[in-house]
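One letter stands for each residue in the lines below.
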Amino acid sequence: MNYRHAFHAGNHADVFKHLTLTRLIALMSRKEQPFAYLDTHAGIGLYDLQGDQANRTGEYLEGIARLWGQEDLPALTADYMNVLHEMNPDGQLRYYPGSPELARRLTRSQDRVLLNEKHPEDGVLLKDNMKGDRRVAVHLGEGWHVPRALLPVAEKRGLMLIDPPFEQLDEMQRCAASLKEAIGRMRQTVAAIWYPVKDQRMLRRFYQDLAGTGAPKLLRVELLVHPLATPNSLNGSGLAIANPPWGLEEELRELLPWLSKKLGQTQGGWQMDWLIAES
């Protein structure tokens, strides 16, 4: 494994993914009943945007830096931006939360946070960053095994993020297989798969695989920063969300036009539809 997310922390894909994750947590928290958050490819949880890896690419400058210090932020960004301001109290953008830190800070005392990271060095850093919170458990193993190992959860409600590095050509198929297994083991699981919008041929096969997972309903959401036909480029990213909580589609219809304008590079855009409509 060569992938290290620190090179990409805070970029446009992170902003889209993490902002949507904060809304999923907020909507699930409307019910008093506890839920478990599961992260299959968690990373280290916390990132220094002034560190060597993030500075080497500067990707955050086209991502979170475009939102930092803005006064016209929609109300739906409040949870996300509040965490960032808590982590950067001096007003200078330096530290960025990965999905584990967002989940740790935004879930409630009755909820659990179950994190998995395969990369040996990142796993140690993740454990160190999460220490002190007894609601958090860190597993060091293969992310694709998380649905089989941890579902169903005792809480009877689960929110799972599947966010692999996409280093291998079969990872889109493995994402769909993991979703199918998660739904098979706990049908009501809310599961979000992050994926890159790049190779249209691979994406068409991926959409077909997702449609065959047997999820009760599956929402496809994509944020674009370049036109879809731009070659050899990360044109944007998507989230396939199984069993999205009520209200998420409406919230994203409000957020995405604004977010595409803020984060668009050569051309911003967005699209959303149902790969599996509720029967």
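Residues numbered from 1 in each chain as written. Predicted model: local features only at pLDDT ≥ 70, side-chain atom pairs only at ≥ 80, totals over all residues. Heavy atoms only, no water.

- Looking at an unreviewed UniProt entry, one finds the chain named Ribosomal RNA large subunit methyltransferase J and attributed to Pseudomonas hefeiensis.
- Database annotation for the chain, UniProt heading Subunit (unreviewed entry): "Monomer."
- In its Catalytic activity (unreviewed entry) section, UniProt records this for the chain: "adenosine(2030) in 23S rRNA + S-adenosyl-L-methionine = N(6)-methyladenosine(2030) in 23S rRNA + S-adenosyl-L-homocysteine + H(+)". (UniProt positions renumbered as here; feature names shortened; annotations may be inferred.)

A closer look at the pairing of strand β5 (residues 136-139)
For step 1, the next point in the chain: On β5, burial follows the alternation: Val136 and Val138 on one face are buried, whereas Ala137 and His139 on the facing-out side are not.
For step 2, the next point in the chain: Here four bridges tie strand β4 (residues 112-116) to β5, and the two strands are oriented parallel to one another. Within β5, the position partnered with leucine 115 by the bridge is valine 138.
For step 3, the next point in the chain: At this point the chain moves from β4, through helix α5 (residues 120-130), to the parallel β5, and the crossover so formed is right-handed. (Buried < 20%, exposed > 50% of the residue type's maximum accessible area, 1.4 Å probe, protein only. Helix = DSSP H or I, 4+ residues; strand = E, 2+ residues; numbered from the N terminus. Pairing = 2+ DSSP bridges. Right-handed = clockwise from strand over helix to strand, strands pointing away.)

Side note on the pairing of strand β6 (residues 158-162)
For step 1, the next point in the chain: A large share of β6 lies buried, amounting to five of its five residues.
For step 2, the next point in the chain: The two faces of β6 match: Gly158, Met160 and Ile162 on one face and Leu159 and Leu161 on the other face are all buried.
For step 3, the next point in the chain: In this sheet, β6 lies alongside strand β1 (residues 36-39) in parallel orientation, the contact comprising four bridges. Bridge pairing in β6 places aspartate 39 opposite leucine 161.

Considerations on α5
For step 1, the next point in the chain: Residues of α5 that are buried: Asp122, Gly123, Leu126 and Met130. In a view along the axis of α5, the buried residues occupy a sector of 105°, so they form one face of it. Residues of α5 that are exposed and point more than 90 degrees away from the buried face comprise Pro120, Glu121 and Val124.
For step 2, the next point in the chain: Of the surrounding elements, those touching the buried residues of α5 are α4 (99-106), β4 and β5.
For step 3, the next point in the chain: Backbone geometry just after α5 places glycine 132 at a positive phi near 100°. (Arc of directions from axis to C-beta. Contact = heavy atoms within 4.5 Å.)

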